[in-house]
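So the chains spell out like this:
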Amino acid sequence: MKRVVVGLSGGVDSSVAAYLLKEQGYEVIGLFMKNWHDDSVTISNECPWLEDSNDALLVAEKLGIPFQTVDLSLQYKEKIVDYMFNEYQQGRTPNPDVLCNREIKFDVFMKIALSLGADYVATGHYCRKGEINKDGKLVYQLLAGKDGNKDQSYFLCQLSQEQLTKSLFPIGELTKPEVREIAMQIDLVTAEKKDSQGLCFIGKVRLPEFLQQQLKPKEGLIYEIEATNSIYNKPIPEFNSLEEQLAYDAKGISYFPELGKIVGKHQGAHYYTIGQRKGLNVGGTKEALFIIATDVKSNAIYTGQGANHPGLYKKTLKVQSSEIHWIREDLALKNGESMKVLARIRYRQELQNATLYQFESGLYVSFDEPQSAITEGQFVAWNIEDELVGSGVIS
């Protein structure tokens, strides 16, 4: 009988995942990860992890499976929290959920599970695992979840073949309403529990307050750049190669104060991200102001009015060579090769037509249509149909 360790988070998805595995005849063990216990930054007096671990325990009792809690807060601080502070400090916007899956759930947590004699680790993610035979070798696929509204394959875009080999996604074939329905039928305490928001496992955290613990406020200026600014109509130079052109397109525009007018002050460029429009506290503009660029060196924020401002849009992005990750290693591009794919630069974005171009210097992702708010530090993931085959950090 195969043994599976389920990461019980105290939510409905992982609860139903555990139930389905038990029904399928696996020996199931529930494990709750405690990743955070600095109560100084959680909002109000809600203590989400306590409530969640309690719900996880009740679910395990109901299903009649053994349950324990593991404290991974030290690893979480090192691998996720410190990394986040560092990224924000350098003016990038990290994605803690993708990292949490790569570094914690499918690494630290998986090693603990395997040490308990588990054959597999299962989570409540809305995605599916496929397998194909390629040149006599078994290759695993990461496929989109059946529920188009909830497909979470993007969050797992950094998994490896080795991690997929040992992973199970029991609810990938179901929609969220079906999952809730099952939870109600078997009377699970989590059946009607709202989905958790906020950082993976930290609970409800106000990001600026969280960042302020480490990144000191530093007053700077907010500039507004007019959509009609001549910088958006500069003649395009002649290129000697496709690589040169892609590099030019990916670089985007460099802003400096003389291009705009001062419209307000902020408390630190490192708290803000491209495409953001809340939290600027600048009024009196006809349309909402969106951040089009931040400069942490000069501590300046550049904004433009409206969601269609040309400063928000770019067609091409670059992934540094060291940050290119193929789940399907057998499909990895060699230098000089290209591939048509469907790509997205954030969770829940519709898949977009794009082409990958691989060079010695890195990988370019060139979209057919300009994309809004391509943000450094976030992940771009690319698919072939409903299979996520690779990803990388936007540079």
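Our structure's up above, just so we're on the same page.
What counts, and at which threshold
- Residues numbered from 1 in each chain as written.
- Predicted model: local features only at pLDDT ≥ 70, side-chain atom pairs only at ≥ 80, totals over all residues.
- Heavy atoms only, no water.
- Helix = DSSP H or I, 4+ residues; strand = E, 2+ residues; numbered from the N terminus.
- Buried < 20%, exposed > 50% of the residue type's maximum accessible area, 1.4 Å probe, protein only.
- Phe/Tyr/Trp six-rings, centres within 6.5 Å; stacked < 30°, edge-to-face > 60°.
- Lys NZ or Arg CZ within 6 Å of the ring centre and 35° of its normal.
- Pairing = 2+ DSSP bridges.
- Contact = heavy atoms within 4.5 Å.
- Axes fitted to C-alpha atoms, helices over the stretch in contact; angles between N-to-C directions.
- Polar contact = N/O pair within 3.5 Å; in protein donor to acceptor, adjacent residues only side chain to side chain.
- Right-handed = clockwise from strand over helix to strand, strands pointing away.

### Notes on unusual backbone geometry
One non-glycine residue, Asp 187, lies in positive phi territory at about 60 degrees. Here Asp 187 lies in the loop between helix H6 (176-185) and helix H7 (207-212). Although it is not a glycine, Asn 299 sits at a positive phi angle of roughly 55 degrees. Looking at Asn 299, the relative accessible area reads 7%, which means it is buried.

### Examining the packing of aromatic side chains
As enumerated under the stated definition, the model contains nine aromatic pairs in all. Note on Phe 359 and Tyr 364: the rings are 6.0 Å apart at their centroids and 70 degrees apart in plane angle, and the pair reads as edge-to-face. Residue Tyr 364 is classed as buried on the basis of its relative accessible area, which comes to 3%. Grouping aromatic residues by their ring pairs yields a cluster made of Tyr 154, Phe 155 and Tyr 347. The lysine or arginine in question, Lys 129, covers the ring of Tyr 140, its NZ or CZ lying 4.6 Å from the ring centre.

### Focus: the sheet that holds strand S3 (residues 67-71)
Pairing is parallel across the open sheet formed by five strands, whose spatial order is S3-S2-S1-S4-S7. Of all the strands in the sheet, just S3 and strand S7 (167-168) have a single pairing partner and so form its edges. Alignment of strand S2 (residues 27-34) against S3, held across five bridges, turns out to be parallel. Bridge pairing links Gly 30 to Phe 67 in S3. Sitting on the sheet, helix H1 (residues 12-23) touches strand S1 (3-7), S2, strand S4 (120-122) and S7, and the angle it makes with S1 is about 170 degrees.

### A closer look at the sheet that holds strand S11 (residues 300-305)
Taken together, four strands build an open sheet; the order of strands is S9-S8-S11-S10 and the sheet is mixed. Of all the strands in the sheet, just strand S9 (261-266) and strand S10 (289-295) have a single pairing partner and so form its edges. Shown here is a sheet whose adjacent strand axes are inclined to one another by a mean of 30 degrees, direction ignored. Inspection of the sheet shows strand S8 (residues 220-224) paired to S11 by four bridges, in the parallel sense. Across the sheet, the residue bridging to Glu 224 is Thr 303, located in S11.

### What to know about the environment of Gln 378
Mapped onto the secondary structure, Gln 378 falls in the loop between strand S16 (362-372) and strand S17 (379-384). When the C-alpha atoms of Gln 378 and Lys 286 are compared, they prove to be 30 Å apart, with 92 residues separating the residues in sequence. Dropping the residues within four chain positions of it, Gln 378 is found in contact with Thr 93, Pro 94, Asn 95, Ile 345, Gly 392, Val 393 and Ile 394. Looking at Gln 378, its side chain comes within polar contact range of the main-chain oxygen of Thr 93, at 3.0 Å.

### Things to note about the pairing of S2
For S2, a buried count of seven out of eight residues is recorded, marking the element as mostly surrounded by other parts of the structure. Strand direction decides the pairing type here: S1 and S2, joined by five bridges, are parallel. Across the sheet, the residue bridging to Val 5 is Ile 29, located in S2. With respect to chirality, the unit in which S1 leads through H1 into the neighbouring parallel S2 is right-handed.

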